[in-house]
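A look at the structure
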Amino acid sequence: MASLTEVRTALRETLKGSISGLNVYSEVGDVQQVPAVVVMPAAPSVSGLACDFNGAFGRGMDEWTLDLYILVGRTEGALAQQKLDQYVTGRGSKSVREVLFQNAALGLTDGTDAHAEGIRLYGGFFESAGVPHVGAVLRITVRTPSN
């Protein structure tokens with residue numbers, strides 16, 4: 001079973017190893033350079049939980065719902081959105097969704113499986129250290145055996 005820390009670390013290593021120049025952080029306040037992804041637990045709409053410990057009978061699976069905050073520098077609006085679009089599109093060398101599709105186990109060997117659900121937010125409403133960013137929130141699900 002992968003803990004939340006192990007899942008976040010695996011996500012960081014998978015994304016950084018697959019997308020050149022992408023910075024990955026655990027907290028929004030840690031963002032120092034963009035483009036960046038911040039990995040945060042999220043409350044899913046169905047269960048209202050960030051982690052469902054009852055994913056299978058006998059505590060067989062934990063299901064984490066995570067939001068990946070994808071941030072790029074806010075330069076000229078159209079250019080910033082073009083940069084952001086590369087990370088949130090379904091395919092391509094900078095596509096986060098493509099990386100997760102190609103690396104669903106996140107480098108873990110315990111049966112962990114990650115996949116992108118969709119884009120929850122998109123636009124210029126993100127900020128770190130007082131600096132505005134253009135960003136999107138990609139919702140993902142990570143299932144990991146718990147026994």
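Here the structure is a predicted model, which is why all the values come from computation and not from measurement. (Residues numbered from 1 in each chain as written. Predicted model: local features only at pLDDT ≥ 70, side-chain atom pairs only at ≥ 80, totals over all residues. Heavy atoms only, no water.)

**A few points about the side chain of D67**
Turning to its location among the elements, D67 is positioned in strand β4 (residues 61-73). Among the polar contacts listed, one links the side chain of D67 to the side chain of R120, at a separation of 3.0 Å. Polar contacts involving the side chain of D67 include one to the side chain of R139, which spans 2.6 Å. Ignoring any residue separated from it by four or fewer positions in sequence, one finds D67 in contact with V38, V39, M40, A42, R120, V137, L138 and R139. (Helix = DSSP H or I, 4+ residues; strand = E, 2+ residues; numbered from the N terminus. Polar contact = N/O pair within 3.5 Å; in protein donor to acceptor, adjacent residues only side chain to side chain. Contact = heavy atoms within 4.5 Å.)

**Some thoughts on the environment of L4**
On the secondary structure map, L4 appears in helix α1 (residues 4-18). Taking the C-alpha atoms as reference points, L4 and T144, 140 residues apart in sequence, are found 9.9 Å from one another. Not counting the four nearest positions on each side in its chain, L4 is found in contact with P41, W64 and L66.

**Remarks on the pairing of strand β2 (residues 36-41)**
Both faces of the sheet carry side chains from a regular strand, because those side chains alternate between them. Taken together, the 3 bridges between strand β1 (residues 23-25) and β2 define a ladder with parallel strand orientation. Opposite V24, over in β2, you have V37 as the bridge partner. (Pairing = 2+ DSSP bridges.)

**Some details on the pairing of strand β6 (residues 131-145)**
With respect to burial, β6 is a largely interior element, 11 of its 15 residues being buried. Two strands pair when backbone bridges link them, and β4 and β6 are joined in this way by 13 bridges, in the antiparallel orientation. Bridge pairing links D62 to T144 in β6. What sits between the antiparallel neighbours strand β5 (residues 113-128) and β6 is a turn of 2 residues, in which A129 has the positive phi angle 55°. (Buried < 20%, exposed > 50% of the residue type's maximum accessible area, 1.4 Å probe, protein only.)

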